[in-house]
Amino acid sequence: MKIGVFGGTFNPIHRGHLAAASAAAGQLSLDKLLLIPDAIPPHKPLPSGSAGAEERLEMVQLCTAEVSAPVEVLDLELRRQGASYTCDTLAQLREQYPEEELFLLMGSDMFLSFETWRQPERICDLATLAVFSRREESEAAAFARQKKRLEETYGAHIRVLENPEVVEISSTELREKLSRGAGRAYLTEPVYGYILRKGLYGTKADLKHLTPE
Ligand code: ATP
């Protein structure tokens, strides 16, 4: 079985995450995709005004139908103490799935800074890296250089994926849009409704515009 592992802060989960996850699921013929929100991201402290970890998890759970593969949302990083290191998550998953092929999905920003992660070599032992672009402009040259470097340094196995429907947005940009009443198009409707109901990211709930649940 081929299992995709897609972690992130998902603060909030948006159409960029979902388009990339679906493209990866198709190209890798994944049997299952695990979506894993982090509790405490090691590299970027959560900004003030973030949604709580449980809220980020619930928003991810609202999106499972949007990905073209069977999806499971795992709260294993929320249940661990301390920073959410991918090496620990993969080790946990490897115990659960000793025989399966694991693919660690990541966008270009993560791939190009991979050496700064904790225990990159162990990550490369545990999973194939499956990387996709977050930008319309070609990142092929930078990807090729980084692929070679990680193969040579860590013996990494790397699949570079097409991302035919790049959605150039980050959660940071989206939070800023939401705080001034924009950004709806980047969200699924259930997540947009959730954000309004909870008044997350400085939104003012105007429940008249929501369809009933
Ligand atoms: P922030 O702006 O809060 O740092 P982000 O959207 O950049 O948020 P995460 O939610 O932590 O970051 O991203 C999780 C994973 O999704 C990472 O591998 C990241 O590269 C990828 N990703 C984020 N945004 C996009 C996008 N628009 N298209 C494709 N992949 C994305």
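Because the structure is a prediction, the values reported are computed rather than measured.

Novice: Would you mind showing me how to read the site of the ligand here?
Specialist: What surrounds the ligand is a group of 18 residues, the closest being Gly 8, Gly 16, Gly 107, Ser 171 and Thr 172. Within the residue set of the shell around the ligand, elements represented by two or more residues are helix H1 (15–28), strand E4 (101–107), helix H5 (108–112) and helix H8 (171–179). Here the shell around the ligand takes three residues from H1, the largest share from any one element. Its residues assigned to classes, the shell around the ligand shows six nonpolar, nine polar and three charged.

Novice: For this particular structure, what's the right way to read helix H7 (residues 140–154)?
Specialist: What sets the pattern is the α-helix's 3.6 residues per turn: residues three or four places apart point alike. Its 15 residues place the ends of H7 21 Å apart at the C-alpha level, agreeing with the 21 Å of an ideal helix rising 1.5 Å per residue. At the C-terminal side of H7, Gly 155 shows a positive phi close to 65°.

Novice: Even after reading the chapter, I still don't get H8, so can you show me in this structure?
Specialist: All buried positions along H8 are accounted for by Ser 171, Leu 174, Arg 175 and Leu 178. What you see down the axis of H8 is that its buried residues fit within an arc of 105°, all on one side. In this structure, the buried side of H8 is in contact with helix H9 (189–198).

Novice: I would appreciate a short explanation of the confidence of the model for the protein in the present structure.
Specialist: Caution is warranted with low-pLDDT regions, since their predicted coordinates should not be read in detail. On average, residues of the protein score 93 in pLDDT, and 96% of them are at 70 or above. Taken over the whole predicted complex, pTM reads 0.95, whereas the ipTM for its chain interfaces reads 0.97.

Novice: Just to check I follow, could you spell out unusual backbone geometry for this structure?
Specialist: The residue after Asn 11, namely Pro 12, is reached through a cis peptide bond having omega 5°. As for its position among the elements, Pro 12 is in the loop between strand E1 (2–8) and H1. The phi angle at Phe 10 is positive, at roughly 50°, despite the residue not being glycine. Even without being a glycine, Tyr 201 presents a positive backbone phi close to 55°. You can see Tyr 201 is positioned in the segment after H9. The class of Tyr 201 is buried, set by 20 C-beta atoms lying within 10 Å.

Novice: Would you explain the sheet that holds strand E6 (residues 158–160) in this entry?
Specialist: Hydrogen bonds between backbone atoms are what pair the strands of a sheet, whose relative direction is either parallel or antiparallel. With parallel pairing, the six strands of this open sheet are ordered in space as E3-E2-E1-E4-E5-E6. Edge positions in the sheet fall to strand E3 (71–73) and E6, since each has one partner strand and no second. Across the sheet, the mean angle separating the axes of adjacent strands is 25° when strand polarity is ignored. As defined by bridge partners, E1 adjoins strand E2 (residues 32–37) across six bridges and the pair is classed as parallel. Counterpart to Val 5 in the pairing with E2 is Leu 34. Across the sheet, H7 lies against strand E5 (128–132) and E6, angled at about 170° from E6, the strand it touches most.

Novice: Teacher, can you tell me more about the nonpolar core here?
Specialist: Core analysis: the biggest nonpolar cluster contains 52 residues, and Val 5, Ala 21, Ala 24, Leu 33, Leu 104, Leu 105 and Val 191 have the highest contact counts within it. In terms of residue count, the dominant contributor to this core is H1 (seven residues). When sequence neighbours within four positions are dropped, the list of residues in contact with Leu 33 reads Gly 4, Phe 6, Ala 21, Ala 25, Val 67, Ala 69 and Val 71.

Cut-off values and rules
One numbering rule holds for all chains: residues counted from 1, following each sequence as written. The predicted nature of this model means local features are confined to residues of pLDDT at least 70 and side-chain atom pairs, given and counted, to a pLDDT of 80 or more, with totals for whole chains, interfaces and linings taken over all residues. Residues are classed as near a molecule or strand if the C-beta position derived from their backbone is within 6 Å of it. Strands are runs of DSSP state E lasting at least two residues, helices are runs of H or I lasting at least four, and both sets are numbered from the N terminus onward. Basically, the charged four are Asp, Glu, Lys and Arg, the nonpolar ten are Ala, Val, Leu, Ile, Met, Phe, Trp, Tyr, Cys and Pro, and anything else, Gly included, counts as polar. In this scheme, a helix's expected span is set at 1.5 Å multiplied by one less than its residue total. Here the C-beta atoms are placed from the backbone, and a residue counts as buried if at least 20 other C-beta atoms lie within 10 Å of its own, exposed if 12 or fewer do, and partly exposed otherwise. This arc is built from the directions going out from the helix axis to the C-beta atoms. It is the C-beta atoms, placed from the backbone, that decide contacts: two residues are in contact if theirs lie within 7 Å. Confidence scores here are pLDDT values: one per residue, from the predictor, ranging 0 to 100. Pairing between strands is defined by DSSP: at least two bridges between the two strands are required. Axes, fitted as lines to C-alpha atoms, cover a helix only where it is in contact. Angles between the N-to-C directions of the axes lie from 0 to 180 degrees. Under the definition applied here, buried Ala, Val, Leu, Ile, Met, Phe, Trp, Tyr and Cys residues are grouped into a nonpolar core through C-beta atoms within 7 Å.

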